[in-house]
Amino acid sequence: MVSLARKNLLHDRLRFFITVAGVAFAVTLVLVQVGLFMGLLDKATVTIRNASADLWITSRNTPNVDFAHTFPETAVLRARSVAGVERAGNLIVAFVNIQLPSGATEGSLVYALDDFSGWNLPWKVTAGSADDLKRGYNLLMDRSAALRYGPFRVGEYRELQGRRFRIVGATEEAASFTTTPIVFMDYRNAQELQEQLRASTTYVLVKVAPGAEVARVKAELQRRLPYNDVFTREEWAERSRNYWIASTGLGMSMGVTVFLGILVGIVIVAQTLYTSAVEHVKEFGTVKAIGGSNLDIYRILGEQAVIAAVIGFVLGAAISYAVRPAMAHIHLNVLLSPSFTAAVFAGTVLMCLGAALFSFRRVAGIDPALVFRT
Amino acid sequence: MSAKVLSVKDVKKVFEEGRQRVEVLKGITMDVAAGEVVALEGPSGSGKTTLLSIVGCILTPTSGELEVGGRTVRASDADGLREVRRRSIGFVFQQYNLFPALTALENVEYSLNVRGVEGGAAHAEARRALERVGLGDRLHFLPRDLSGGQKQRVAIARALAGAPPVVLADEPTANLDTAVGGQILDLFRELAKDEGKGLLVVTHDPKVRRIADRVVGIRDGRLAEAA
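Residues numbered from 1 in each chain as written. Chains lettered and ligands numbered in written order. Predicted model: local features only at pLDDT ≥ 70, side-chain atom pairs only at ≥ 80, totals over all residues. Heavy atoms only, no water.

(A) The side chain of Thr58(A), seen in detail. All names here are of chain A. For Thr58, the position within the fold is in strand E1 (residues 55–59). Residue class for Thr58 comes out buried when judged on its relative accessible area of 0%. With residues near it in sequence (within four places) discarded, Thr58 still touches Phe71, Thr202, Tyr203, Asn228, Asp229, Phe231 and Trp236. (Helix = DSSP H or I, 4+ residues; strand = E, 2+ residues; numbered from the N terminus. Buried < 20%, exposed > 50% of the residue type's maximum accessible area, 1.4 Å probe, protein only. Contact = heavy atoms within 4.5 Å.)

Structure, rendered in structure tokens:
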């Protein structure tokens, strides 16, 4: 079968290039922007996903894992007394000032607990050991901190809230949504840093016993701790994510970016296809004169739209995937899952077919009698 | 006598232009038989193109009857009109109307695809049709690389592919020089006779008379057998 659609598209190479470039631009915009956003959201829940807790007990109305509020640390004892709880432990998450060698003061996000390996926090130690955290005023600093604090080495000291801590190791992948670097330290050391942390915690992590029903344990914990909230790991991750999406306007901003990307794509594809349709009016008239229907012509325009969509998508996706290492180098994670990429592909095809609809109206009215006009 | 492949009976066409009624065809009756070449002559505005559009099932008559390839054409049935064009009529246009992005072979093959012939069968038939018009060595040339006469030969091959019983030609020699125009007309006659097509040629070109079995004149919307 001769493809008039493909031949016409390739015959006018400049227009074809502009169409494909337009689609590729829209695809790149959507993939990179949303990928960056997903990467940021991934950071918002990275500690929740990696900690081995099944349930998180928080103070009432805590919006996300970074913005924690304190409550009495004795809550952990009540949690341990609930049937179905295998173990429970306190976790402090708190913003603490850190003094840099340059004299500047920066913020750091402290994660402090007693049993590091028991809760899988930190989950990726690349230098030193979490066991050393209990041997004095020590801390583990995430590698990503170098971007904010400047380079650091194991064995160096940093001052947190006026107290000197030794860097005994480094972690990877522990990053927060706010980009504040994460440091890990012993629970008691963290309590000494801030007055409000004395005899207080910000979370209680709960591991449910094998065979126990998570929902039932959660309900019982909630009953025993009426002034706290209890979330499953998934609920807590979703709450943390939703906070950044809904409460900060970032979700809306991302939505606008995606909308603009799609709009740019539609305008470019619609404009080029429409111009092409107008310039090929006599050819379409000939198609009708020799017995072709409007459907045959719609098929030509539809095929052109799909070709532009597929090639534009491949180009845009290739660019988006290619920039990932460069972005990762500056600690920006462009998270592109196969399902999201597939969704963008489907959206691109739909976008281009939608843009082709503008031309359908124009060609539907073509009078085949124009073939007799000179 | 050969069978009729085209029959027009008392066809009238009225155009409404604002409040004005313009009667362009005032009761045309004519037949074209298989293998017959009929030249339709007339001055500008006489109704030639309107008649060609009606017998080509592109335009519907205001009244009258039309039969193409033995099928009665119903003016109210748009899909039926398209089907008649697809199955029973081949067109040759003054401006050739080839698809610029398609090679000679693809131009003919595409028209076969529209007519429902696909794949290897369409390819082989398109090749045969082009060899028949003497373009076997130009199969893969784009229209821009062909001369006017060669383009018109491709158009003729396209019109004949799919074996429609009727071929309608609109000023087929208007854009060709005398020698090439003569060759095209000879080819037309040869194909019409060999393949039994009914050929209706609308023309201003007096040379068409040389190949026509019959010359019909049209003036002010009425037919008159020309000398």
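(B) Representation of a nonpolar patch on the surface within the structure. A surface patch of nonpolar side chains, about 570 Å² in accessible area, is lined by Met252(A), Val256(A), Phe259(A), Leu260(A), Leu263(A) and Val267(A). With respect to the helices and strands, the residue Leu263(A) is situated in helix H8 (residues 250–279). (Patch = residues over 30% accessible without salt bridge, like charges linked within 9 Å, V, L, I, M, F, W, Y side chains within 5 Å. Areas by Shrake-Rupley, 256 points an atom, 1.4 Å probe, with all protein chains shown as cover. Salt bridge = Lys/Arg side-chain N within 4 Å of Asp/Glu carboxyl O.)

(C) Examining helix H1 (residues 48–55) of chain B more closely. All names here are of chain B. Among the eight residues that make up H1, seven are buried, leaving the element largely enclosed by the rest of the structure. Among all positions in H1, only Lys48, Thr50, Leu51, Leu52, Ser53, Ile54 and Val55 are buried. Cys57 lies just past H1 and shows a positive phi near 60°.

(D) Main features of the packing of helix H2 (residues 13–50) of chain A against helix H7 (residues 233–247) of chain A. Residues and elements named next belong to chain A. At their nearest, the axes of H2 and H7 sit 9 Å apart, and the two run at 145° to each other. The two elements H2 and H7 meet at a crossing, and its hand is right-handed. Contacts from Phe37, Leu41, Ala44, Thr45, Ile48 and Arg49 in H2 reach Arg233, Trp236, Ala237, Ser240, Arg241, Trp244 and Ile245 in H7. Here the residues of the contact of H2 with H7 are counted per class, giving eight nonpolar, two polar and three charged. (Axes fitted to C-alpha atoms, helices over the stretch in contact; angles between N-to-C directions. Left-handed = near helix turned anticlockwise from the far one by under 90°. Nonpolar A, V, L, I, M, F, W, Y, C, P; charged D, E, K, R; others polar.)

(E) Local environment of the packing of aromatic side chains. Within the structure shown, the criterion is met by 15 aromatic pairs over all chains. Seen in terms of ring centroids, Phe67(A) and Trp244(A) are 5.4 Å apart; in terms of plane orientation they differ by 70°. Their pairing is edge-to-face. Highlighted residues: Phe67(A) in the loop between E1 and strand E2 (71–72) and Trp244(A) in helix H7, separated in sequence by 177 residues. Plain terms: the ring middles of Phe99(B) and Tyr110(B) are 5.3 Å apart, the flat faces sit at 85° to each other, and that makes the pair edge-to-face. On the criterion of sequence distance, the pair formed by Phe99(B) in the loop between strand E6 (89–92) and helix H3 (104–114) and Tyr110(B) in helix H3 is long-range, its members being eleven residues apart. One exposure class covers both Phe99(B) and Tyr110(B), and it is buried. Site record: aromatic cluster; members linked through ring pairs are Phe67(A), Phe95(A), Phe177(A), Tyr243(A) and Trp244(A). Positioned over the ring face of Trp119(A) is Arg87(A), at 4.3 Å from the centre of the ring. (Phe/Tyr/Trp six-rings, centres within 6.5 Å; stacked < 30°, edge-to-face > 60°. Lys NZ or Arg CZ within 6 Å of the ring centre and 35° of its normal.)

(F) Spatial organisation of the confidence of the model for chain B. Residues and elements named next belong to chain B. In the predicted model, chain B carries a mean pLDDT of 90, and 98% of its residues have values of at least 70. Averaged pLDDT values for the elements of chain B fall to 80 in strand E10 (residues 222–225) and rise to 95 in H3. Across the whole predicted complex the pTM is 0.77, and at the interface the ipTM reaches 0.89. (pLDDT = per-residue confidence, 0-100.)

(G) Structural context of the interface of chain A and chain B. Taken together, the contacts link 23 residues of chain A with 28 residues of chain B. Taken over both partners, the interface formed by chain A and chain B buries close to 2400 Å², and the fraction arising from carbon and sulfur atoms is 68%. Among the residues of chain A in contact with chain B, Val2(A), Ile290(A) and Phe372(A) are the three that bury the most area, contributing 32% of the side total. Taken together, the connections running from chain A to chain B amount to one salt bridge. In this structure, the salt-bridge partner of Lys7(A) is Glu106(B), at a minimum N-O distance of 2.8 Å. For the interface between chain A and chain B, the tally reads six residue pairs in polar contact (both at pLDDT 80 or more). Sorting the residues of the side of chain A that touches chain B by element identifies helix H1 (4–11) and helix H9 (281–289) of chain A as the ones contributing at least two each. The element that contributes the greatest number of residues to the side of chain A that touches chain B is H9(A), accounting for six residues. Classifying every residue of the side of chain A that touches chain B gives eleven nonpolar, seven polar and five charged. (Buried area = accessible area lost by both parts, 1.4 Å probe. Polar contact = N/O pair within 3.5 Å; in protein donor to acceptor, adjacent residues only side chain to side chain.)

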